[in-house]
Every structure is written in C-alpha cells, then in structure tokens.
Amino acid sequence: MGADHTPKIVGTVWGLLVLNTLGSAGAKTIIPLPRSLIQMVTMGALVAAFALALAVNLRLRIRASSFVFLLTLLLVESVISSANLESGFGALFRCFRLALFVGTLWLLSRWWNGGLTFVRYHIRMYFAVLGSVATGLVVSPGAALPDLYGGRLVGALWPLTPPQIGQYAAVIIGLTVLLVLGRRTDRASAVVVIVPSFVLLALTHTRTATLGLFIGLALAIGSLILTSAAARRFFTWAVLCAVVAAVGFASALQAWFLRGQSKENFSNLTGRAKVWDALLAAPRSTSEQLFGVGLGDKSFGGLPIDNSWLAVYNEQGLIGVTLVAAVIIVLGGVALLRPPSLQRACAIFLISYCAIASYTEAGLGDASPYLLHLALAASLLAAPAPPAPLSTPEVPRRHIPRWAQRSEVT
C-alpha cells in the first residue's frame, strides 16, 4: 500500500496525537485557560484519535512493528508499577492515556510503509503550533517573552514552555532541510517553514534543541554524503558557515548559549544535577528499583527531573529503562542496516535528536512528542508492503466429446 493511498483521515489522527502531547502545563496565556479545560481538550483529542483510527481500520489490520511492540511491553510494565497506587490514582489515568496512545499507533501502523506521508503530517501540524506561538508574540510580546522565563519565548495563546517550542522548531527545521536535499519539496516552501521556525528557536534560547538540531542534521546528512551531491554541497557550506560564525560571532554565541547564567549554574545544568543526585541517593526497595513507583508527573521532591532515563527509572524502574533503551537501540540498528535514502536520513535525524534531548528532557517513558518523533522514525524504517497478488481468472475447461478424445489418441 503506497503513501498515496493513505486516507486523509489518517492525517487528522496524527494531528490529534500531536495536540494530545502538547501538555497542559506551561506559561501564563493572554486569555487565562483553566488547566482542567486544557486537559479536557488534550485528552479528548487522544480519545478522538483512537476512535477515528479505529473507524478507518475496522478490520484491525496492523503491521508487525518492534517499536510499538516494545511500547506495549512498556505499557504492561507501567500498569504493574502503578497498580499499588504509590503515585495515586493519577498513575492509572496516565496508564490509560498511554494505552490509548499505543493502541492508536498500532491502528496507524497499517499505513507505515517507508513513505514520507507522515513526515508531511508532522511538519504541518507542528508548524501550525509554531504559528500560534508567533501569533501570541505579535499580539502580546510581553506575555510571550515574560521575565519569569528570563525573557525566553513561551506560548502566549496555548501554554507552551521554551523547551517545547524549541523542540518543535528544531524537529521541523531538520525534516524540512532533509526534504529539500532529497528534492521532495521546493525551496520557497522550505524557506517559509525554516526561517520563521529558526527565529522562534533562537528566541527560546533552548540549548538542547539547538544542539540536537545540528548534531542530528550532521548525522543525517552524513548518511547521504556518498549518494547525494546536494548533501555533499550542503554539508560543505554548513561547515564553512559554522567556522565563520564561530570566529566572527564567538562572543554573541557564547552569550546566547549561557543565557546570562553563571558558570557554576551552567555546570550543574541549571540545577538539574542536584535533583538527579537526590533521586539516585533516595532509598528504594527491590520492587521500586525493578518496577518504579508508577507513572507520575516526571518530578522528584516537587522539582522536575528533566532527564528521560532518570524519570523512567523513578517511575518504571530498571525494567522500564531497559525497554526504552531497547527502543532506541532497535530503531538505531534498523536505520544503520538500511541502504542510504532520504527516509533513512530522516529517521536517523529523529532518533539522534531524541537520544540527545533525553539527557535534559523527560518523556521517553510516557505519551509525549518524543515518542511521536520515534513513531515517525519507525514509520520511515518500515519496509514497503508487498503488492497484493493479482488474481488470475479461472479459464473454464472445454468439454471434449469421447469420440474426439479417441480420435486424438489414435
């Protein structure tokens, strides 16, 4: 089944998954939105996504996917760890949310065929999200660049934090650049996406997203160098521009990177290291070490963990960490075994970006944009579905009289 035969409703389902993973916590918006209302919208989007996916795939045709299978095992482990209610009834609700998320991915796997259809869905939806951020910046610059976040860009219409905006901008910039190199989109359309997204990324001052973008693109383009002249030219120009920028704008880049922080604050990753040390030092039973304490809000002692691996260890234990590591290893291994192609390059970009961001961002163990990025990578690495065999009409046998059969023998 080719990408051209993907029903349009599948794109709607993907957009609803993006809406669900935007979250409900963030900056203060221009029009105050109750968190309960935001949670109702995001959870409603997930329920609608599952219902639509089921409606368009009533026969429950799915494709084998090691990625979604590992997520299913992670879901089972999350239910086991949350069953004792150590993290409250909210843990079971988060398990239900993860179940709908994984179930929707299973239903969508029918259309995972190594095409670029889902890449376009991804770019369009996150570009729409960034459009809301840009609108909020124009309508109320003070609300979009609040002092509470040190003047970094936030969502003024929908509560989005600077790391979220930086992540969305970096991902669609990287994917769009790769589409241009693969000649799957024109340069004018790419400029419309890349330029404003890069401006928003710069205004967020998000170091993780910026590093993930550049390192991820370097690895992705590196996978195309031997087979694409456009990739070789882009890589050469990118290196030259990077050298010029490093020499000519070193002080400005350093100031942007430090965000006005002291070297001590920067060295302990804006206080993250203190939370990590406290989490690792906390006493745990054998059950908590293996299974964790159940799905929570990715915090410890009231402070955000901001590390996917430690968040998974805290909530889903060593078993959860093993499953998440298996997801990254399996996707990375499959990508390395695939022959060079644009789809492989996009998958490498997404996998490497999520791996880099996992050090300072949480989300790999629960329904999140990071799992959606990896799901997109899995769809790109899926082998094309074999064409259905053409049925040959049965030719009716002619009746031959007995006298004619005897004459043929003689």
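Structure first, text after, so check above.
Chains are numbered independently. Their residues run from 1 in the order of the written sequence. Restriction of local features to residues with pLDDT of at least 70 applies here, the model being predicted, together with a cutoff of 80 or more for giving and counting side-chain atom pairs; totals for whole chains, interfaces and linings are based on all residues. Hydrogens and water molecules were not included; the side-chain quantities draw on all heavy atoms of the structure.

> So what's going on with the overall build of the protein? Residues and values would help.
The helix and strand inventory of the protein stands at 18 helices and two strands. Should any heavy atoms of two residues lie within 4.5 Å, those residues are considered in contact. At a minimum sequence separation of 6, the contacts of the protein that also span at least 24 residues come to 76%. Note that accessible areas follow from Shrake-Rupley with a 1.4 Å probe, and for residues the cover is restricted to the protein chains shown. Per element, the accessible surface of the protein, about 20,300 Å² overall, is 68% carbon and sulfur. Counting from the N terminus, the helices are the DSSP runs of H or I reaching at least four residues and the strands are the DSSP runs of E reaching at least two.

> Please set out a positive patch on the surface residue by residue, giving values where relevant.
Together, R183, R187, R232 and R233 make up a region of like positive charge exposed at the surface. Turning to its location among the elements, R183 is positioned in the loop between α7 (162-181) and α8 (187-204). Each residue gets one of three labels from its accessible area relative to the maximum for its type: buried under 20%, exposed over 50%, partly exposed in between, using a 1.4 Å probe on protein chains only. On the basis of relative accessible area, R183 is assigned to the exposed category, the value being 71%. Two distance rules govern patches: like charges are joined within 9 Å, and nonpolar side chains (Val, Leu, Ile, Met, Phe, Trp, Tyr) within 5 Å, applied only to residues with over 30% relative accessible area and no salt bridge. Definition used for salt bridges: Asp or Glu carboxyl oxygen within 4 Å of a side-chain nitrogen of Lys or Arg. Neither His nor the chain ends is counted toward charge; the positive residues are Lys and Arg and the negative residues Asp and Glu. Charged side chains are reduced to one point each, which is NZ for Lys, CZ for Arg, CG for Asp and CD for Glu.

> I'd like a description of unusual backbone geometry, backed by residues and values.
With a phi close to 55 degrees, L60 is a non-glycine residue in the positive phi region. The residue L60 is located in the loop between α2 (35-56) and α3 (66-82) in this model. The phi angle at K298 is positive, at roughly 60 degrees, despite the residue not being glycine. Along the chain, K298 falls in the loop between α14 (286-291) and β1 (299-300). Residue classification places K298 among the buried positions, given a relative accessible area of 16%.

> Hey, could you go over the packing of aromatic side chains for me, with residue numbers and the actual values?
Geometry of aromatic contacts follows a simple scheme: Phe, Tyr and Trp rings, the Trp one being its six-membered ring, pair when their centres are within 6.5 Å, and the pair is stacked under 30 degrees between planes, edge-to-face over 60, tilted otherwise. Tallied over the entire structure, the rule returns five aromatic pairs. Centroid distance W14 to F118: 5.1 Å. Interplanar angle 70 degrees. Geometry classified as edge-to-face. Taken together, the residues span a long stretch of sequence, with W14 in helix α1 (residues 8-20) and F118 in helix α5 (residues 117-139) at a distance of 104 residues. According to the relative accessible area criterion, F118 is buried, its value standing at 2%.

By themselves, these are just geometric observations and shouldn't be taken as functional.
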